[in-house]
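An overview of the molecular structure
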Amino acid sequence: EKVNAADPDLIIVAGRSSSAYAELSKIAPTVDLSVDNENFLDSFRERTKPLGTIFGKEEELAKRLDALEPEAQKVTKQAEASGLNGLIVLTTGGKLSAYGPGSRFGIIHDELGVAPAEKGLSTATHGNPVSHEFIAEVDPDVLYVIDRDAAIGRSGESAKQVLDNPLVNGTSAAGNDRIVYLDAFTWYLAPTGLSSVEKMTQTVATGLS
């Protein structure tokens, strides 16, 4: 009802909201820009192109997409040369979830070449519930952290506070100053935006330096 009241000229859905496509398309032209996490960059490219057409930015979009591919390849080579592995965790309400290849944050492994510190993690949307002991046991070279509470404006312990304990501080990632706190907007709220994917590539490259 709220969408209908807004009288939009265009509706864009993706991810969870894609389930409402049929109903929303009755209100206005609707496009689904959901990305396949297991084939992220190719899927992202194809899903982003319609926006260039809709807004008359085909040439600008093509240039940025063409520039993104070699940058991703460069980071992949950097990751492979470094020999570093990584673990992705999300904090929320003081709890931890881990993500691996094929997951919503799997671009780090699948497209940017960072070897997973832990294999066999499921690709569930909400990740794999884990503990501080798990992080210590896996002992990643690089620990990538998303603070969900910061992303949604929830008060409570920050990701840095949640992870500030002897178990995490004893990991290789902590000892080598390779705990990378990922920007919440880029990685959680708008992970398939063009500028977000550009920033993701830069962030992973910096974390491997």
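Predicted model, so just to flag it, every value in this text is computed and none were measured.

**Brief notes about the overall build of the protein chain**
- Across its full length, the protein chain holds 12 helices and 8 strands.
- In summary, the protein chain has a C-alpha radius of gyration of 18 Å against a globular reference of 17 Å for 209 residues, a match within 12%.
- Counting only C-alpha atoms, the protein chain reaches 55 × 40 × 25 Å along its principal axes.
- Relative to its 209 residues, the protein chain shows a buried fraction of 41%.
- The long-range share in the protein chain, meaning contacts at least 24 apart out of those at least 6 apart in sequence, stands at 63%.
- For the protein chain, the accessible area works out to roughly 11,100 Å², and carbon and sulfur atoms hold 49% of it.
- Side-chain charges in the protein chain split into 19 positive and 30 negative, and the spacing between the mean points of these groups amounts to 3 Å.

**Considerations on helix 4 (residues 58-82)**
- For helix 4, built from 25 residues, the straight-helix expectation of 36 Å at 1.5 Å per residue is met to within 8% by its first-to-last C-alpha distance of 36 Å.
- Of all the residues in helix 4, the buried ones are L61, L65, L68, A72, V75, T76 and A79.
- Tucked inside the fold, the buried residues of helix 4 contact helix 3 (40-54) and helix 12 (194-208).
- Positive backbone phi, at 75°, marks G83, one or two positions downstream of helix 4.

**Comments concerning the side chain of T76**
- Note on placement: T76 falls in helix 4.
- Residues contacting T76, with those up to four places away along its chain left out, are E111, L112 and G113.

**As for a nonpolar patch on the surface**
- On the surface, a cluster of nonpolar side chains totalling about 290 Å² of accessible area is made up of I152, F185 and L189.
- I152 gets classed as partly exposed once you look at its relative accessible area, which sits at 39%.

**Quick notes on the packing of helix 3 against helix 4**
- Look at helix 3 against helix 4: their axes get within 9 Å of each other, and the N-to-C directions meet at 165°. Regarding the angle of helix 3 to helix 4, the classification is roughly antiparallel. Considering the relative orientation of helix 3 and helix 4, their crossing is right-handed. Residues L41, F44, R45, T48, K49, G52 and T53 of helix 3 form the contact with helix 4, whose participating residues are E58, L61, L65, D66, L68, E69 and A72.
- Per-class residue counts for the contact of helix 3 with helix 4 are 6 nonpolar, 3 polar and 5 charged.

**Considerations on the pairing of strand 3 (residues 85-92)**
- Counting buried positions along strand 3 yields 7 of 8 residues, so the element is predominantly enclosed.
- As defined by bridge partners, strand 3 adjoins strand 5 (residues 115-116) across 2 bridges and the pair is classed as parallel. From the neighbouring strand, G86 faces strand 5, where its bridge partner is P116.
- One ladder, built from 6 bridges, connects strand 3 with strand 7 (residues 142-147); its direction is parallel. Residue T91 lies in a different strand from strand 7, and its bridge partner there is D147.
- In this sheet, strand 4 (residues 95-99) lies alongside strand 3 in antiparallel orientation, the contact comprising 5 bridges. Pairing of L90 across the sheet is with S97, part of strand 4.

Rules used in this analysis
- Residues numbered from 1 in each chain as written.
- Predicted model: local features only at pLDDT ≥ 70, side-chain atom pairs only at ≥ 80, totals over all residues.
- Heavy atoms only, no water.
- Helix = DSSP H or I, 4+ residues; strand = E, 2+ residues; numbered from the N terminus.
- Rg over C-alpha atoms; globule rule 2.2 N^0.38 Å.
- Buried < 20%, exposed > 50% of the residue type's maximum accessible area, 1.4 Å probe, protein only.
- Contact = heavy atoms within 4.5 Å.
- Areas by Shrake-Rupley, 256 points an atom, 1.4 Å probe, with all protein chains shown as cover.
- Lys, Arg positive; Asp, Glu negative; His and termini not counted.
- Charge placed at Lys NZ, Arg CZ, Asp CG, Glu CD.
- Expected span 1.5 Å × (residues − 1).
- Patch = residues over 30% accessible without salt bridge, like charges linked within 9 Å, V, L, I, M, F, W, Y side chains within 5 Å.
- Salt bridge = Lys/Arg side-chain N within 4 Å of Asp/Glu carboxyl O.
- Axes fitted to C-alpha atoms, helices over the stretch in contact; angles between N-to-C directions.
- Parallel < 35°, antiparallel > 145°, perpendicular 65-115°, else oblique.
- Left-handed = near helix turned anticlockwise from the far one by under 90°.
- Nonpolar A, V, L, I, M, F, W, Y, C, P; charged D, E, K, R; others polar.
- Pairing = 2+ DSSP bridges.

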